[in-house]
Amino acid sequence: MSLQRRRMEQALGRLLDRYPDPMLHRWVMETVGALQARLKTIIDPAERDQAQRAALILIKTTLQNWSEKPPVRH
């Protein structure tokens, strides 16, 4: 596991720890599961690593946006 990937996963964990919203956690788990399934089909290790980094960035960006403006519940 690359240092960059480990840092990204730790940042995701910290963001999730701050927001116990079960729907948010479910979204992350479902998204990670779906992305892992797709990543398994990539044969080239370099391409798979690049796709994994992009997936982590997508999730991190989404969580950061959510933390700045969480959904309002009525």
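Owing to the predicted nature of the structure, the values given are computational and were not obtained by experimental measurement. (Residues numbered from 1 in each chain as written. Predicted model: local features only at pLDDT ≥ 70, side-chain atom pairs only at ≥ 80, totals over all residues. Heavy atoms only, no water.)

K.L.:
Just to check I follow, could you spell out the packing of helix 2 (residues 22-39) against helix 3 (residues 45-68) for this structure?
P.N.:
For any two helices packed against each other, one specifies the inter-axial angle together with the distance between the axes. Their axes nearest at 11 Å, the elements helix 2 and helix 3 cross at an angle of 165 degrees. Taken together, the axis directions place helix 2 and helix 3 in an arrangement best described as roughly antiparallel. Helix 3 is crossed by helix 2, and the crossing has right-handed handedness. For the pair formed by helix 2 and helix 3, the contact residues are Leu-24, Trp-27, Val-28, Thr-31, Val-32, Leu-35 and Leu-39 on the first element and Arg-48, Ala-51, Gln-52, Ala-55, Ile-59, Thr-62, Leu-63 and Trp-66 on the second. Grouping the amino acids of the contact of helix 2 with helix 3 by side-chain chemistry returns 11 nonpolar, three polar and one charged. (Axes fitted to C-alpha atoms, helices over the stretch in contact; angles between N-to-C directions. Helix = DSSP H or I, 4+ residues; strand = E, 2+ residues; numbered from the N terminus. Parallel < 35°, antiparallel > 145°, perpendicular 65-115°, else oblique. Left-handed = near helix turned anticlockwise from the far one by under 90°. Contact = heavy atoms within 4.5 Å. Nonpolar A, V, L, I, M, F, W, Y, C, P; charged D, E, K, R; others polar.)

K.L.:
Is there a simple way to explain the nonpolar core in this structure?
P.N.:
Residues Met-8, Leu-12, Leu-15, Leu-16, Leu-24, Val-28, Leu-56, Ile-59, Leu-63 and Trp-66 constitute the largest nonpolar core, which totals 10 residues. If you list the elements that add at least two residues to this core, you get helix 1 (3-18), helix 2 and helix 3. The contact partners of Leu-15, leaving out residues within four places of it in the chain, are Lys-60, Leu-63, Gln-64 and Ser-67. (Core = buried A, V, L, I, M, F, W, Y, C linked by side-chain atoms within 4.5 Å. Buried < 20%, exposed > 50% of the residue type's maximum accessible area, 1.4 Å probe, protein only.)

K.L.:
Looking at this structure, how should I read helix 1?
P.N.:
Given 3.6 residues per turn, any residue in an α-helix points the same way as the ones three and four places further on. Over its 16 residues, helix 1 extends 23 Å from the first C-alpha to the last, a length consistent with the 22 Å expected when each residue adds 1.5 Å. Close packing links the buried residues of helix 1 with helix 2 and helix 3. (Expected span 1.5 Å × (residues − 1).)

K.L.:
Teacher, can you tell me more about the packing of helix 1 against helix 3 here?
P.N.:
Packing of helix 1 against helix 3 brings their axes to within 10 Å, and their N-to-C directions diverge by 25 degrees. The orientation of helix 1 with respect to helix 3, classified from their angle, is roughly parallel. Relative to helix 3, the crossing made by helix 1 is left-handed. In contact with Gln-4, Arg-5, Met-8, Glu-9, Ala-11, Leu-12, Leu-15 and Leu-16 of helix 1, helix 3 contributes Gln-52, Arg-53, Leu-56, Ile-57, Ile-59, Lys-60, Leu-63, Gln-64 and Ser-67.

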